[in-house]
Amino acid sequence: MILQALDAYYRRKQADHDPAKRLPPYGFEEKKIPFILELARDGTLVQISDTRSGSGKKKTATRFLVPMAAKKTSGVVANLLWDTAEYVLGIDTRDDPERVARQHEAFRARIEALPEEVKSDPGVAAVRAFLARLDPDRLDERLAAFPAWEEIKRINPYLGFRLQGDVELVCQRAAVTAIAGDVGEEETQERICLVRGESAALARLHPPIKGVWGAQTSGANIVSFNLDAFNSWGKSQGVNAPVGKPAAFAYTTALNHLLAGESRQRVQVGDTAIVFWAEEPHELEECLTDLFGEPVRDDPDRQTEAVRTIYEAIQRGRFAVGEDDTRFYVLGLAPNAARIAIRFFESGTAMELAQRVRQHFEDIGIVHKPGEPEYLSLFRLLASLAVQRKADNIPPRLGGELVRAIFEGLPYPYGLLVLAVNRCRAEREVNYPRAALLRAFLNRRARRSTFPIKEIPPMLDPDNPNVGYRLGRLFAVLERIQEEASPGLNATIRERYYGAASSTPAAVFSTLLRLSTHHLAKLSEGKARWYERVIGEIMDGFDPSDFPPRILPLAEQARFALGYYQQRQAFFTKTAKEPFESTTTPAEE
């Protein structure tokens, strides 16, 4: 199903009316080539063209269609009519002259193995003539006059060839493109391709997939059989799962396009690379990156606009681009040595996925300070659970599990609750992202519970009878009283008591309530009466025989954090109504 969906996406892109949006044809791929060797027809090097734009270390090379790169591991394998400077010119950049000599010889041999009609092409003939006169030991003499030479020696970039006066590279000439898909490949048997359902020459090895963070830089595979233990019935390599060469090229090209660094259809969450596409052009393809990615600095409102687009599409029952029943796919990939692991694969109609995305943003919605983002990105949510809030400390599988829960409409992973509660206790801080995740986790679980559980609203809920929630509210009020009584304190009861108050309330709440009487004595009479009334309202919800409880389970610790957070926000939120339904503010006393 995954390979078929990717193959269909490749064919869709190939049929695009805009040539710039089409994916490379069979046997080709896009590659950044920084330098082009311009040749005269007799093979004389005329100039070395620098294709890069930008300045300093941020120069970006132009992308060219080139014959697909050979699959390289530790051996010497050359590409056709383009490669690194080591292969093309025989430059020794790694102090290994013997290996470089083999690389350069392999590059020449690849060209000499071309059919005669291809070798007679003027462009290919010019390259052969250039290589015939090339002496790697005298390169400095011949090429020192070209400004780019010193940089080429230093960085070993990709090089290509172009015939003087042409726009296309030599590897893009018609004679080369006609055979690029088959040249250099060994003969393989024909079978029914499992992807396309038609007879085709089987791909023994599938092209590498690049762009998955943490996987091999040379690329990794979804389909591979690299050990005898994986073979069956005497078959080897790709024959175990017969996929035709055109289909293997199509699905890997499509996936590499989606995983590219500049792709607008990719989001990185922890160690999981998430790509998404539709069977037809659709508004959601461009929208999901803005929904889940970190807001762009020069356009901070882009995420808000993307969420608004989702809401409006659901309200209207249709999208601006694409149908509501268009099939949509979401694929999560993670590194796994030489292979790529499939973390999840979800498919559904565009409207179904849009509704699940909307539900996610409604679930994580919670009151927050002015100036904080209206909608939280996945990275910001997960980073709030990591030690020192560093991306490297995000648990590897958590991001993929969270995204899967979003797109499949499932409860959020239990590990999320554990991490959020533990970080609140360790740092003695309940911040906006953690509170949003705790609310979303508890409410999703409540909806699937066999007995009714009250959901927690985004704003403070004074009528919530839950013990953990009320204890959190009470702790917030006691902290606020201390702050009012001793302005400018470096540390409040939160720094000293939050961990114990949220897990073993009986150990500290008697002490905290005793301390509050001393703090109240320092306040004005009006403020003191107001806070006593608030404390009384919260205490009315407890069973006197079981207050304070000896221990709070993990879910109740989460409600404690939410009660504390929402009560704190209520103190600083200016609304037309009073902070608590049956009280007046201190200013009104």
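Rules behind the numbers
- Residues numbered from 1 in each chain as written.
- Predicted model: local features only at pLDDT ≥ 70, side-chain atom pairs only at ≥ 80, totals over all residues.
- Heavy atoms only, no water.
- Helix = DSSP H or I, 4+ residues; strand = E, 2+ residues; numbered from the N terminus.
- Rg over C-alpha atoms; globule rule 2.2 N^0.38 Å.
- Buried < 20%, exposed > 50% of the residue type's maximum accessible area, 1.4 Å probe, protein only.
- Contact = heavy atoms within 4.5 Å.
- Salt bridge = Lys/Arg side-chain N within 4 Å of Asp/Glu carboxyl O.
- Phe/Tyr/Trp six-rings, centres within 6.5 Å; stacked < 30°, edge-to-face > 60°.
- Pairing = 2+ DSSP bridges.
- Axes fitted to C-alpha atoms, helices over the stretch in contact; angles between N-to-C directions.
- Patch = residues over 30% accessible without salt bridge, like charges linked within 9 Å, V, L, I, M, F, W, Y side chains within 5 Å.
- Areas by Shrake-Rupley, 256 points an atom, 1.4 Å probe, with all protein chains shown as cover.
- Lys, Arg positive; Asp, Glu negative; His and termini not counted.
- Charge placed at Lys NZ, Arg CZ, Asp CG, Glu CD.
- Expected span 1.5 Å × (residues − 1).
- Arc of directions from axis to C-beta.
- Core = buried A, V, L, I, M, F, W, Y, C linked by side-chain atoms within 4.5 Å.
- pLDDT = per-residue confidence, 0-100.

1. Details of the overall build of the protein
For the protein, the count of helices and strands is 21 helices and 12 strands. For a compact globule of 589 residues, the expected C-alpha radius of gyration is about 25 Å, and the protein comes in at 32 Å, more than 25% above that figure. A burial count over the protein gives 49% of its 589 residues as buried. Counted over contacts in the protein with a minimum sequence separation of 6, partners at least 24 positions apart contribute 69%.

2. Here we look at the pattern of salt bridges
If you walk through the whole model with that rule in mind, you get 44 salt bridges. Among the salt bridges present, the one from E151 reaches R154, with a minimum N-O distance of 4.0 Å. With E151 and R154 both in helix α7 (residues 149-155) and three residues apart, the pair spans about one turn of that helix. Of the residues examined, E151 reaches a relative accessible area of 22% and is grouped as partly exposed. Here R154 falls in the exposed class, since its relative accessible area comes to 60%. The partner of E455 in a salt bridge is R447, and the shortest N-O contact between them spans 3.0 Å. Each of E479, R480, E483, E484, R494, E495, K527 and R568 takes part in salt bridges that share partners, so that together they form one network.

3. Side note on the packing of aromatic side chains
The description of an aromatic ring pair uses the distance of the two centres, along with the angle that the planes make with each other. Going through the model one piece at a time under the given rule, you end up with 21 aromatic pairs. Plain terms: the ring middles of W82 and Y158 are 5.2 Å apart, the flat faces sit at 70° to each other, and that makes the pair edge-to-face. Here W82 is found in strand β5 (residues 82-84), whereas its partner Y158 is found in strand β6 (residues 158-163), with 76 residues between them in sequence. For W82, a relative accessible area of 1% gives the class buried. By relative accessible area, which is 27% here, Y158 ends up partly exposed.

4. A look at the sheet that holds strand β9 (residues 266-269)
Strand order across the open sheet formed by four strands is β9-β10-β11-β12, with antiparallel pairing between neighbours. For this open sheet the edge positions go to β9 and β12 (339-349), each flanked by a neighbour on one side alone. Across the sheet, the mean angle separating the axes of adjacent strands is 20° when strand polarity is ignored. Bridge count between β9 and strand β10 (residues 272-278): four bridges; the pairing is antiparallel. Paired with V267 across the two strands is I274, which belongs to β10. Helix α9 (residues 245-259) contacts β9, β10 and β11 (327-336) of the sheet and is inclined by roughly 115° relative to β10. Taken strand by strand, helix α14 (residues 398-408) contacts β9, β10, β11 and β12, and its axis lies near 15° from that of β12.

5. Remarks on a negative patch on the surface
A cluster of like negative charges, contributed by E279, E280, E323, D324 and D325, occupies part of the molecular surface. Mapping D324 onto the fold places it in the loop between α11 (302-316) and β11.

6. Let's talk about the sheet that holds β6
Across the sheet, four strands lie side by side as β3-β2-β6-β5; this open sheet has mixed pairing. Taken across any chain shown, the strands that pair with only one partner, and hence form the sheet edges, are β3 (45-50) and β5. Each neighbouring strand pair of the sheet contributes to a mean axis angle of 30°, computed without reference to strand direction. In this structure, β5 lies alongside β6, joined through three bridges in antiparallel fashion. Looking at β6, one finds that W82 is bridged to G160. On the sheet, helix α5 (residues 122-133) packs against β2 (35-39), β3 and β6 and is oriented at approximately 120° with respect to β6.

7. Regarding helix α3 (residues 97-112)
Between its first and last C-alpha atoms α3 spans 23 Å; for 16 residues at 1.5 Å apiece the expected length is 22 Å, and the two agree. Turning to α3, its buried residues number three or more, namely V100, Q103, H104, F107, R110 and I111. All buried residues of α3 fall inside an arc of 120° around its axis, so they share one side. The exposed residues of α3 that point more than 90 degrees off its buried face are E98 and E105.

8. Quick look at the nonpolar core
Membership of the largest hydrophobic core comes to 92 residues, with the highest contact counts inside it found for L288, L291, F292, F475 and F509. In terms of residues, this core owes the most to one element, helix α17 (residues 467-485), which gives nine residues. Among residues more than four places away in sequence, those in contact with L288 are V267, F276, G293, F328, V357 and F407. Membership of the second largest hydrophobic core comes to 42 residues, among which are L45, L89, L131 and A148.

9. Regarding the environment of A175
With respect to the secondary-structure elements, A175 resides in helix α8 (residues 174-177). Separated by 140 residues in sequence, A175 and F35 have C-alpha atoms that sit 23 Å apart.

10. Here we look at α9
Over its 15 residues, α9 extends 21 Å from the first C-alpha to the last, a length consistent with the 21 Å expected when each residue adds 1.5 Å. For α9, the buried fraction is high: 12 of the 15 residues fall into the buried class. Those residues of α9 lying buried are K245, A247, A248, F249, A250, Y251, T252, T253, A254, L255, L258 and L259.

11. Considerations on unusual backbone geometry
Note that the residue after F547, namely P548, is joined by a cis bond; omega there is -10°. Checked against the element boundaries, P548 lands in the loop between α20 (525-539) and α21 (554-572). The backbone of R389 sits at a positive phi, close to 55°, despite the residue not being glycine. Secondary-structure assignment places R389 in the loop between α13 (378-383) and α14. R389 sits in the partly exposed class, given a relative accessible area of 38%.

12. A short note on the confidence of the model for the protein
Close inspection of predicted coordinates is inappropriate in any region flagged by low pLDDT. Per-residue confidence for the protein averages 87 on the pLDDT scale, and 94% of its residues sit at or above 70. Note on residues 575-585: pLDDT is under 50 here. Beyond four places in sequence and across chains, it has 24 contacts.

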